[in-house]
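One letter stands for each residue in the lines below.
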Amino acid sequence: MVPWVSNMDSIIKKIINEEVLRQQNTINLIPSENIVSEDVLSALGSRFNNKYAEGYPGARYYGGNEYSDKIEKLCRDRALKLFRLSNKNWHVNVQPYSGSPANLAVYLGLVPKGKKIMGLSLNMGGHLTHGHNVSATGKFWSVARYGVDSKTERLDYEEIARIAKKESPQLIIAGYTAYSRIIDFKKFRAIADSVGAYLLVDMSHIAGLVAGGAYPSPFKYADVVTTTTHKTLRGPRGAMIFVNKTSKIAKANSIDIVREIDRAVFPGLQGGPHLNQIAATAVALGEAMMPAFKKYASQIVKNATALSNELQSLGWRVVSGGTDSHLLIIDVAAQGICGNEASIMLEKNGIIVNKNTIPYDSRPPMDPSGIRIGTPAVTTRGMKEREMKKIAQLISDILLSDKNCIREVRELCKKF
Ligand code: DSN
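Structural notes, computed from the coordinates.

Basis of the calculations
In every chain, residue numbers begin from 1 and rise along the written sequence. Totals for whole chains, interfaces and linings use every residue, but because this is a predicted model, local features are given only for residues with pLDDT of at least 70 and side-chain atom pairs only at 80 or more, for both listing and counting. To get the side-chain values, take all heavy atoms of the structure and skip hydrogens and water. Salt bridges are defined as contacts in which a side-chain nitrogen from Lys or Arg sits within 4 Å of a carboxyl oxygen from Asp or Glu. Buried means the residue's accessible area, taken with a 1.4 Å probe over protein chains only, is under 20% of the maximum for its type, while exposed means over 50%, and partly exposed covers the values in between. Distances are taken per atom, and a residue is near a molecule or strand as soon as one of its heavy atoms is within 4 Å of it. What qualifies as a polar contact is a pair of N or O atoms within 3.5 Å, subject to a donor-acceptor requirement within protein and to the restriction that residues adjacent in sequence count only when both atoms come from side chains. What sets the accessible areas is the Shrake-Rupley method with a 1.4 Å probe; for residues, cover comes only from the shown protein chains. Elements are defined by DSSP. Helices are runs of H or I of four residues or more, strands are runs of E of two residues or more, and each kind is numbered from the N terminus. Any two residues whose heavy atoms approach within 4.5 Å at even a single point are treated as in contact. The residues that make up patches have over 30% relative accessible area and no salt bridge, and they are joined within 9 Å when like-charged or within 5 Å when they are Val, Leu, Ile, Met, Phe, Trp or Tyr. The distinction between a cavity and a pocket rests on a 1 Å grid over the protein atoms alone: a 1.4 Å probe fits inside a cavity but cannot get out, while a pocket stays open yet meets protein on both sides within 12 Å along at least five of seven lines, and a residue with an atom within 4 Å of a point counts as lining. Grid points are joined across faces, edges and corners, and a volume is the space filled by probe spheres set on the points. Under the scheme applied here, ten amino acids are nonpolar (Ala, Val, Leu, Ile, Met, Phe, Trp, Tyr, Cys and Pro), four are charged (Asp, Glu, Lys and Arg), and all others, including Gly, are polar. Joining through side-chain atoms within 4.5 Å is the link that ties buried Ala, Val, Leu, Ile, Met, Phe, Trp, Tyr and Cys residues into a set, and such a set is a nonpolar core.

**Considerations on the pattern of salt bridges**
Counting across every chain of the model gives 19 salt bridges. Put simply, Asp 69 and Arg 60 hold a salt bridge, and the shortest N to O gap is 2.7 Å. Accessibility classification places Asp 69 together with Arg 60 in one group, the buried group. Lys 187 is the partner of Asp 184 in a salt bridge, and the nearest nitrogen-oxygen pair spans 3.8 Å.

Here is the structure:
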């Protein structure tokens, strides 16, 4: 270890240690978080942090990039390999700092300013960068929104097709932050084709599941796929953009889609890539290629299903009646508790969740009717269906009886 690390400012060291203890002593059910390996952390804290490399491999604006090129190319190769994509048909950009700039880069590259994009409303499970009006994506582009069916709380493809026909967007987004069901990417392709729109799949939440074969792959249907690298994929915070070189829409628009996306990322939006982040992503991609990751991905879904079934048997209403993925939304308001209060009560006992709107919520986003819970982090810790049943019971006891469960939560954490 180098001296300046061991001598790290004691104030910072203390806060970091406190955070480590917090992570160890709590049950993390936030579906967009995970626990990365020491190897990922080590690459993230490597000397690649010290290097500037504006540009792309072989075409940089700085000297000294022999190894930067090597690491970025390796990361790209692994990304394509993990998702079983050929270099001939797909390109991947691994430089986006995170998911929000990745999505922004796609719009910047493919949709002229002021033209229309179409995504799922934020309060139905979409993301801020899918065109919400407080996001730059909703300010620089015109936006059409679709929702979920009010009865089934699932995507209604006929309705989405109808909205697309009426609105004629240039790009349609599928892939969400709070939608637990399988998305029919084939139907989205047909809808996008019917109006000549690009299909962007934002698979940030489900990337690890897709990699591990536990969720359908969008690659057969999408023009562009964005993903963060730190959720189910279990890498450092960051993002990637996969570009379909055979996109018919790009061809019809006479656009070099790879060039447009790469130029939108750099120099359009970003300066130098975070090479330490790219090195850590390459490590995570390597880990996701191991047979153990397939088991991990499938266990995430089994755990979410077990959690959902047990909560329902304890009387809780789960949005859409269950889950096909890593997350579920509980309608806590149906039991007379609001989402904010529920998340505070759970946190006091060491269970970390986030408050979330439910479809057609009558309550405001800062105090919505639901909580969103997911299983990527607890599955990384090695928990299985048995522990999910236990966690469902703890959630129920805390929320319905205000029972103090700190000791039981600590005991569970100690075991995993
Ligand atoms: N904020 C992330 C999530 O929690 O789903 C998405 O960016």
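**Concerning the site of the ligand**
Near the ligand the following residues occur: Ser 32, His 127, Thr 177, His 205, Lys 231 and Arg 372. The side chain of His 127 places a nitrogen or oxygen atom 2.8 Å from an oxygen atom of the ligand. Contact between the ligand and Arg 372: an oxygen atom at 2.7 Å from a side-chain N or O atom of the residue. Relative to its unbound accessible surface of 230 Å², the ligand loses 64% to contact with the protein.

**Quick notes on the side chain of Thr 226**
Topologically, Thr 226 is positioned in strand S9 (residues 224-228). Of the polar contacts made by the side chain of Thr 226, one reaches the side chain of Asn 103; its length is 2.9 Å. Setting aside residues no more than four positions away along its own chain, Thr 226 makes contact with Ala 102, Asn 103, Val 106, Leu 200, Val 201, Asp 202, Met 203, Ser 204, Met 240 and Ile 241.

**Things to note about a nonpolar patch on the surface**
Side chains of Met 8, Ile 11, Ile 12, Ile 15, Ile 16 and Val 20 sit close together on the surface and give an oily, nonpolar patch of about 510 Å² of accessible area. Checked against the element boundaries, Ile 16 lands in helix H2 (residues 10-25).

**Structural notes on the layout of surface pockets**
By volume, the second largest pocket amounts to about 700 Å³. Leu 122, Gly 126, His 127, Leu 128 and Thr 177 are the residues nearest the centre of the second largest pocket, which is lined by 39 residues in total. By residue class, the composition of the lining of the second largest pocket is 9 nonpolar, 23 polar and 7 charged.

**Topic: the nonpolar core**
Within the largest apolar cluster, 63 residues are counted, with the highest numbers of intra-cluster contacts made by Phe 83, Leu 155, Ile 183, Phe 188, Met 203 and Phe 242. Considering every element that reaches this core, the biggest residue donor is helix H12 (residues 275-288), with 8 residues. Excluding its chain neighbours within four sequence positions, the residues that come into contact with Phe 83 are Met 203, Ala 207, Val 210, Ala 211, Phe 219, Leu 233 and Phe 242. Within the second largest apolar cluster, 32 residues are counted, among which are Leu 29, Val 318, Ala 342 and Val 378.

**Regarding the pairing of strand S11 (residues 327-331)**
By the criterion of burial, S11 is predominantly enclosed, with 5 of the 5 residues buried. Covered by surrounding structure in S11 are Leu 327, Ile 329 and Asp 331 together with Leu 328 and Ile 330, the residues of both alternating faces.

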